[in-house]
Amino acid sequence: MPISILGISAFYHDSAAVLLQDGVIIAAAHEERFSRVKHDDKFPTHAVAYVLSEAGLSVSDLSAIAFYDKPLLKFERLLETYHAFAPQGLKSFLAAMPVWIKEKLFMKKMLWDEFGKIESGELSRKPPLLFPEHHLSHAASAFYPSPFDEAAILTIDGVGEWATTTIGKGVGKEISILREMPFPHSIGLLYSAFTYFLGFKVNSGEYKLMGLAPYGNPDGEAVPRYRQLILEHLVDLRDDGSVVLNMAYFDYATGMKMCHNQKWQVLFGLRKRESESELSQEYMDLALAIQQVTEEMVLRLAKTAREITGCKNLVMAGGVALNCVANGKLLRAGIFDKIWIQPAAGDAGGALGAAFAAHHIWHDQERTVNPNGDDAMRGSYLGPEFSDLTVQRLCRKHQAPARYFADFGELAANAAQLLSSGQIVGWCQGRMEWGPRALGARSILGDPRHPEMQKRLNLKIKYREGFRPFAPSVLAEDAGLYFELDTPSPYMLLVAPVLESRRTTPPAGYHSLAMYDRLYHLRSDLPAITHVDYSARIQTVHQQTNPRYWQLIKAFKELTGCGLVVNTSFNVRGEPIVCSPEDAYQCFMRTEMDYLVLGNYLFCKGEQPKWHEGGNWRERYELD
Amino acid sequence: MDFLKDLWDFMKVRKKFWLLPIVIVLLTFGALIVFTSGSAIAPFVYTLF
């Protein structure tokens, strides 16, 4: 019998489930993709049922179940924090206690009850239930599936139990945590506090802050001034990368919000930005300042990791590891020879790490690294897939005309032709991605050369803020023709500059121009994916891991000479990325997308019957 | 009972016996709060806890 381990993350944000068999990832999925609730934090009922179905297992068949953190240790942190800050935080304390006393303290019972529901009754056998620490789960998710036999491990996030950042070392199947930074001092929470102050949603808007930062004026006086204020008043950044936050400015330890607005407003001379209000230059400058400070922290931590581990390679996880701008700078700093980042670096990835920790540490199983140098993520295409039959049923249900292509090459050529003529194509193929990024299995695609593509995608398809950038998917072998990048970036976790030779000369006073003047200035021959600072968040597409997507981009290149496409996640603002063909067709019909490819079928919007839907569908998705 | 055993083991490992009176008071008063209000929905925008 193989060793089958179920990994779970739940009850905080981004619930997920993973099934591991003999150390091989069989399936991994986020609950939000099934429940259609973004960042769903509930027990991952659907995701668990799905991953078990991939191996034909029931809960009773499992060798172990691993939950991604230690609830009692978290409770200890909560009590000690309230004790330390008392009498402050009484209101928040009284509000937090019922959740713990009624539910979270009894995590084991809660989990068994949920598993019982999945099995529709009593479990015939209860597998061992394990609780690896939060940052060990992150560390395990970074190291075990990486292509390295030995590596330094850096995990940075908001907070787990106590730890907010750890430096560790992985050798073979062993992981040692060497240094740890405890709550409330946290790089992730510092970044989230700025996310909050800049009017974005905590735990989801951090990406927007990162996308906004390049609009800051690096030549102006404001950015260095804000940086200085941050480093003098908010955070004491030490040489080794550790931080001590000045808690007089933060409210998250015992309060209901991230920071003390009044104090921040006095410090920066700026009002807290209201959600969805106009973005003035001051906010962009502040975003750039905190992004630069974060990059400095990550670089110093990486240097420390290199010094104390002596390793040549680095692996990373934790929410801050999704900061692909910082990752790109870290790569170019050359502190490590190679860097590998877990594609689901946030809390969902904890499910994967918990399962790996159970396999290699608790079950004491040996680990072998792929001799060909590949990681163990299989392109991160680890979710559900669908058959032609499912698409046929969808066509019948909606009376939707679609053209079937027996030859996929012909379909790829057709889709490439459509893209080259400026059409926007929904692309749904094979197994769904694991992690927050769409990687060409559930993506919306466009022509990166098109000057209006960025605007059109943001406003007519995604219905999101106009300033947000789009990412390119480039043939792995062609990445060097477009970007200053000499390493694979299959999970879209590295930002690199667009080659100088592809850029246009910026107009005089470029950084002083208004936001939308800068945005709509054609910065390169690939305007849709060149951000205002001439960078791009790159996905390298590999024939081995996603042959269909690779074939499409290859066909696009044969047609246009351009070996990349615009890739954005297949969803609208506030909606989880689509999972099933039904989700994809719904999203296709609700937006101004022109074509949809589902497996071997091509749907043309102009040929579809009128879409009827009760109520305003946009109200179903809370803005993120 | 499973929970009480886990809690005792946890305090032994972490050497945090000073938490015991806090936990007892909390559980007692917390039980009152919970069973009189009935709602146990996390009030936070940020799920730190």
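Residues numbered from 1 in each chain as written. Chains lettered and ligands numbered in written order. Predicted model: local features only at pLDDT ≥ 70, side-chain atom pairs only at ≥ 80, totals over all residues.

**Re the overall build of chain A**
When helices and strands are counted, chain A shows 20 helices and 21 strands. Over its C-alpha atoms chain A spans a radius of gyration of 24 Å, differing by no more than 12% from the 25 Å that the globule rule assigns to 624 residues. Counting only residues that meet the buried cut, chain A has 55% of its 624 residues in that class. Residue pairs in contact within chain A that sit at least 24 positions apart in sequence constitute 73% of those at least 6 positions apart. (Helix = DSSP H or I, 4+ residues; strand = E, 2+ residues; numbered from the N terminus. Rg over C-alpha atoms; globule rule 2.2 N^0.38 Å. Buried ≥ 20, exposed ≤ 12 C-beta atoms within 10 Å, placed from the backbone. Contact = placed C-beta atoms within 7 Å.)

**Describing the domain arrangement of chain A**
Residue and element names in this part refer to chain A. Taken domain by domain, chain A comprises domain 1 (4-133 + 353-363) and domain 2 (388-620). One C-alpha centre belongs to domain 1, the other to domain 2; they are set 34 Å apart. Tallying contributions element by element places helix 1 (residues 32-35) first for the side of domain 1 that touches domain 2, with three residues. Its residues assigned to classes, the side of domain 1 that touches domain 2 comprises three nonpolar, no polar and four charged. (Domains from an automatic or database assignment. Nonpolar A, V, L, I, M, F, W, Y, C, P; charged D, E, K, R; others polar.)

**Points about the sheet that holds strand 20 (residues 595-598) of chain A**
Residues and elements named next belong to chain A. Strand order in the open sheet made by the nine strands is 13-21-20-14-15-19-16-18-17, with mixed pairing throughout. Two strands lie at the open edges of the sheet, namely strand 13 (403-404) and strand 17 (494-497), each paired on one side alone. Strands strand 16 (471-475), strand 18 (535-541) and strand 19 (564-569) of the sheet are contacted by helix 19 (residues 547-560), whose axis makes an angle of about 90° with strand 16. (Pairing = 2+ DSSP bridges. Axes fitted to C-alpha atoms, helices over the stretch in contact; angles between N-to-C directions.)

**Description of the nonpolar core**
Residue and element names in this part refer to chain A. Of all hydrophobic cores here, the largest spans 209 residues; its most connected members are Val18, Val51 and Ala355. Top element by residues in this core is helix 11 (residues 281-309). It accounts for 13 residues. No fewer than three residues from each of domain 1 (4-133 + 353-363) and domain 2 (388-620) sit in this core. Setting aside chain neighbours within four positions, we find alanine 355 in contact with Ile5, Leu6, Gly7, Val18, Leu20 and Ala66. (Core = buried A, V, L, I, M, F, W, Y, C linked by C-beta atoms within 7 Å.)

**Some details on the packing of helix 15 (residues 408-420) of chain A against helix 19 of chain A**
All names here are of chain A. Running from N to C, helix 15 and helix 19 cross one another at 55°; their axes reach a closest spacing of 8 Å. As far as their axial angle goes, helix 19 and helix 15 are oblique. Every pair of crossing elements has a handedness; the one defined by helix 15 and helix 19 is right-handed. Every residue of helix 19 that contacts helix 15 at Phe408, Gly409, Ala412, Ala413, Ala415, Ala416, Gln417, Leu419 and Ser420 is listed here: Arg548, Gln551, Leu552, Ala555, Phe556, Leu559 and Thr560. Counted by class, the contact of helix 15 with helix 19 contains 10 nonpolar, five polar and one charged residues. (Parallel < 35°, antiparallel > 145°, perpendicular 65-115°, else oblique. Left-handed = near helix turned anticlockwise from the far one by under 90°.)

**Observations regarding the pairing of strand 14 (residues 425-428) of chain A**
Residue and element names in this part refer to chain A. By the alternation rule, side chains of strand 14 split into Val425 and Trp427 and Gly426 and Cys428, which are all buried. Pairing of strand 14 with strand 15 (residues 442-446), which is carried by four bridges, proceeds in the antiparallel orientation. What sits directly across from glycine 426, in strand 15, is isoleucine 444. In the sheet, strand 14 pairs with strand 20 via four bridges, with the strands oriented parallel. Paired with tryptophan 427 across the strands is valine 597, a residue of strand 20.

**Focus: the environment of A:Gly7**
Residue and element names in this part refer to chain A. When you line up the elements, glycine 7 lands in strand 1 (residues 4-9). Judged by the 33 C-beta atoms lying within 10 Å of it, glycine 7 falls in the buried class. Distance in space between the C-alpha atoms of glycine 7 and valine 425 is 35 Å, their sequence separation being 418 residues. Setting aside chain neighbours within four positions, we find glycine 7 in contact with Ala17, Val18, Leu20, Ala66, Tyr68, Ala351, Leu352, Ala354 and Ala355.

**Overview of the packing of helix 7 (residues 187-197) of chain A against helix 11 of chain A**
Residue and element names in this part refer to chain A. Helix 11 packs onto helix 7 with a crossing angle of 175° between their chain directions and a minimal axis gap of 11 Å. Overall, the two elements helix 7 and helix 11 adopt an arrangement that is roughly antiparallel. Taken together, the residues of helix 11 that come into contact with helix 7 (itself represented by Ile187, Tyr191 and Phe194) are Ile290, Thr294 and Met297. The class makeup of the residues in the contact of helix 7 with helix 11 is five nonpolar, one polar and no charged.

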